[in-house]
Amino acid sequence: MGNIAGADPVWRVVVAPAAALAMLIYATWLIVALMDPLTAAGPVVNAILVAVTPVSVVVGLVVGARLTRRDRDRFAQLGTTDVDAEPSIPA
């Protein structure tokens, strides 16, 4: 796979995230489609269980937007961990 000078490999930036998104969409569809046999609960409980994901997404977007307005530097640091760095183990 190609690697533009100074950029992350295509696998890490395009292929892996796209594959993860496809698998998450499929898993979500499968869980929603089979919610009744999975839980053996009533429709109210199933609706609450299914609603957890979209509610979590909305909460995350609101918190992210709030953090962006209040502290741009802290927001910019999110997800900047160097995954290729050696782990730091306290002596």
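Residues numbered from 1 in each chain as written. Predicted model: local features only at pLDDT ≥ 70, side-chain atom pairs only at ≥ 80, totals over all residues. Heavy atoms only, no water.

Within the protein chain, the regular secondary structure consists of four helices and zero strands. Its helices and strands in sequence order give the protein chain the pattern α-α-α-α, from N to C terminus. Taking 2.2 N^0.38 as the reference for a compact globule, 91 residues should give roughly 12 Å; the C-alpha atoms of the protein chain span a radius of gyration of 19 Å, well beyond that estimate. The C-alpha extent of the protein chain, read off along each of the three principal axes, is 55 × 40 × 35 Å. When each of the 91 residues of the protein chain is scored for burial, the buried share is 5%. Element-wise, carbon and sulfur atoms account for 69% of the exposed surface of the protein chain, whose accessible area totals about 7,900 Å². (Helix = DSSP H or I, 4+ residues; strand = E, 2+ residues; numbered from the N terminus. Rg over C-alpha atoms; globule rule 2.2 N^0.38 Å. Buried < 20%, exposed > 50% of the residue type's maximum accessible area, 1.4 Å probe, protein only. Areas by Shrake-Rupley, 256 points an atom, 1.4 Å probe, with all protein chains shown as cover.)

Within the fold, Thr-68 resides in helix α3 (residues 43–70). Only 2.7 Å separates the side chain of Thr-68 from the backbone oxygen of Gly-64, close enough to count as a polar contact. (Polar contact = N/O pair within 3.5 Å; in protein donor to acceptor, adjacent residues only side chain to side chain.)

Attention now goes to a nonpolar patch on the surface. Taken together, the side chains of Tyr-26, Trp-29, Leu-30, Ile-31, Leu-34 and Leu-38 present a nonpolar region at the surface, about 620 Å² in accessible area. Mapped onto the elements, Tyr-26 comes out in helix α1 (residues 10–33). (Patch = residues over 30% accessible without salt bridge, like charges linked within 9 Å, V, L, I, M, F, W, Y side chains within 5 Å. Salt bridge = Lys/Arg side-chain N within 4 Å of Asp/Glu carboxyl O.)

Glancing now at the side chain of Asn-46. With respect to the helices and strands, Asn-46 occurs in helix α3. Residue Asn-46 is classed as buried on the basis of its relative accessible area, which comes to 10%. Sequence-distant contacts of Asn-46, defined by excluding residues within four places in its chain, comprise Met-35, Asp-36, Thr-39 and Ala-41. (Contact = heavy atoms within 4.5 Å.)

Our next topic: unusual backbone geometry. The phi dihedral of Ala-40 is positive, around 55 degrees, even though this residue is not glycine. Summarising the element assignment, Ala-40 is placed in the loop between α2 (35–39) and α3.

Its 28 residues place the ends of α3 40 Å apart at the C-alpha level, agreeing with the 40 Å of an ideal helix rising 1.5 Å per residue. Its axis deflected by about 35 degrees at Val-52, α3 carries its strongest bend there, up to four residues before the proline Pro-54. Restricting attention to buried positions, one finds in α3 the residues Asn-46, Gly-64, Leu-67 and Thr-68. (Expected span 1.5 Å × (residues − 1). Bend = angle between axes of the 7 residues up to and from the residue.)

Let's shift gears to α1. With 24 residues, α1 extends 33 Å between its outermost C-alpha atoms, agreeing within 8% with the 34 Å of an ideal straight helix rising 1.5 Å per residue. Where α1 bends most, at Ala-16, the angle is about 30 degrees, and the proline Pro-17 comes one to four residues later.

This paragraph deals with the environment of Thr-53. Relative to the elements of secondary structure, Thr-53 occurs in helix α3. It is 14 Å that separates the C-alpha atoms of Thr-53 and Tyr-26, two residues lying 27 residues apart in sequence.

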